Amino acid sequence: MSDAESHQPTSPGVRVVSTTVPVRIMVANAKGGCGKTTMATNLASYFTRHTEVTALIDYDPQGSSMDWLQARDEHLPTINGIAAFQRHAPSATTRTWSLRVPARTSRIILDTPAGLAGNELSDLIQMSDMIIIPVIPSAIDIRAATGFIRDVLLSRAYRLNPKPIAVVANRVRKNTLIYAKLERFLKSLQIPFVAAFRDTQFYVRASEHGLGLIDFDQPDSRDIAEWKSLINWIEENILRARNKE
């Protein structure tokens, strides 16, 4: 039995009643290879390290987030995994995974597939509270991100209920011309460019062992500083939403 299966309730047909309203964070970009799963798993490990009851919902047919959970040591803080990709469209799985999210869950991370568009994109936007879009510094990725951001903003779900959106630059080497181009592009958008993550093998090492950077005994202070920018943006939007309630 995988970690994802072992952390699910034993009676999935029974609705979990909880007073906690979880914050649902969608990590998305239509283009593959931009680091969606790395960002999703690191967010999950960060929140669970900070005592949030966290669920990781994997919509990507590659199942990379679930593979990451299977590699995770049982002595690490628990992250509850749900392999939503085993079903069909998100609209058909919303009730399914909501039944399997444990009580007291306060953070839900949605790891989405490449090629996300149309109704599938709109369904996932509808079930999310905020959207994070990772982009890597290449001309192809910048063009792809432009189209994806347009699709998000024009989707029916977003137009009916706009959500906070942030862009994160991923795998960057800051003193390069392509990073300067990416930075100019991101700053030109009407959505926040909140963080830039350096290109480091620590992410590869962490992924192989089911770890997030926060799980290392001595994480690099540069990485912690980069992640703090993104976490601050998330927490500010959570607080803003609660103040509106």
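Residues numbered from 1 in each chain as written. Predicted model: local features only at pLDDT ≥ 70, side-chain atom pairs only at ≥ 80, totals over all residues. Heavy atoms only, no water.

**Describing the overall build of the chain**
Looking only at helices and strands, the chain features 10 helices and 7 strands. In the chain, the share of contacts with a sequence separation of at least 24, taken over all contacts with a separation of at least 6, comes to 79%. (Helix = DSSP H or I, 4+ residues; strand = E, 2+ residues; numbered from the N terminus. Contact = heavy atoms within 4.5 Å.)

**Section: the nonpolar core**
One finds Met26, Ile57, Leu110, Ile125, Ile133, Val152 and Val167 to be the most contacted residues of the largest nonpolar core, which totals 36 residues. Looking at this core, the elements with two or more residues in it are β2 (54-58), β4 (107-111), α5 (118-126), β5 (130-135), α6 (139-154), α7 (156-160), β6 (165-172) and α8 (177-188). If you tally residues by element for this core, the top one is α6, at 5 residues. Setting aside residues no more than four positions away along its own chain, Met26 makes contact with Leu110, Thr112, Leu116, Leu121, Leu124, Ile125, Ser128, Met130, Ile131 and Ile132. Formed by 34 residues, the second largest nonpolar core is a distinct cluster that contains Phe47, Leu56, Leu211 and Ile238. (Core = buried A, V, L, I, M, F, W, Y, C linked by side-chain atoms within 4.5 Å. Buried < 20%, exposed > 50% of the residue type's maximum accessible area, 1.4 Å probe, protein only.)

**What about the sheet that holds strand β3 (residues 80-82)?**
Spatial ordering of the open sheet is given by β3-β2-β4-β1-β5-β6-β7, a layout of 7 strands whose pairing is parallel. Whereas interior strands pair on both sides, the edge strands pair on one side only; in this sheet they are β3 and β7 (193-198). On average, adjacent strands in this sheet sit at an angle of 20° to one another, irrespective of strand direction. Across 4 bridges, β6 lies against β7 in parallel orientation. (Pairing = 2+ DSSP bridges. Axes fitted to C-alpha atoms, helices over the stretch in contact; angles between N-to-C directions.)

**Considering the side chain of Asp223**
Topologically, Asp223 is positioned in helix α10 (residues 221-244). Polar contacts involving the side chain of Asp223 include one to the side chain of Arg198, which spans 2.8 Å. Non-local contacts of Asp223, meaning those with residues more than four positions away in its chain, are made with Arg198, Thr200, Phe202, Tyr203 and Leu213. (Polar contact = N/O pair within 3.5 Å; in protein donor to acceptor, adjacent residues only side chain to side chain.)

**A look at the pairing of β5**
Note on strand geometry: in a regular strand, side chains alternate between the two faces of the sheet. When you tally the buried positions in β5, you get 6 out of 6 residues, the bulk of the element. Burial along β5 is two-sided: the face carrying Met130, Ile132 and Pro134 and the face carrying Ile131, Ile133 and Val135 are both buried.

**Quick look at unusual backbone geometry**
Residue Thr51 is not a glycine yet carries a positive backbone phi of 65°. By the element assignment, Thr51 lies in the loop between α2 (36-49) and β2. Of note in this structure, Arg171 is not a glycine but carries a positive phi near 55°. Within the secondary structure layout, Arg171 lies in strand β6.

**Focus: α10**
Side chains three or four residues apart in an α-helix point the same way, a direct result of the helix having 3.6 residues per turn. Counted at 1.5 Å a residue, the expected span for α10 with its 24 residues is 34 Å, and the 35 Å between its end C-alpha atoms agrees. Buried residues of α10: Asp223, Glu226, Trp227, Leu230, Ile231, Trp233, Ile234, Asn237 and Ile238, and no others. Sitting at the head of α10, Asp220 places a side-chain oxygen 2.8 Å from the backbone nitrogen of Arg222. (Expected span 1.5 Å × (residues − 1).)

**Overview of the packing of aromatic side chains**
Evaluation of the coordinates by the stated rule reveals 3 aromatic pairs. Ring centres of Tyr46 and Phe47 lie 5.8 Å apart, and the angle between their planes is 80°; on these two criteria the pair is classed as edge-to-face. Look at Tyr46 and you get partly exposed, because its relative accessible area is 21%. Residue Phe47 is classed as buried on the basis of its relative accessible area, which comes to 1%. With a centroid separation of 6.1 Å and 75° between ring planes, the pair formed by Phe202 and Phe216 is classed as edge-to-face. Separated by 14 residues along the polypeptide, Phe202 in helix α9 (residues 202-208) and Phe216 in the loop between α9 and α10 bring together distant segments of the chain. (Phe/Tyr/Trp six-rings, centres within 6.5 Å; stacked < 30°, edge-to-face > 60°.)

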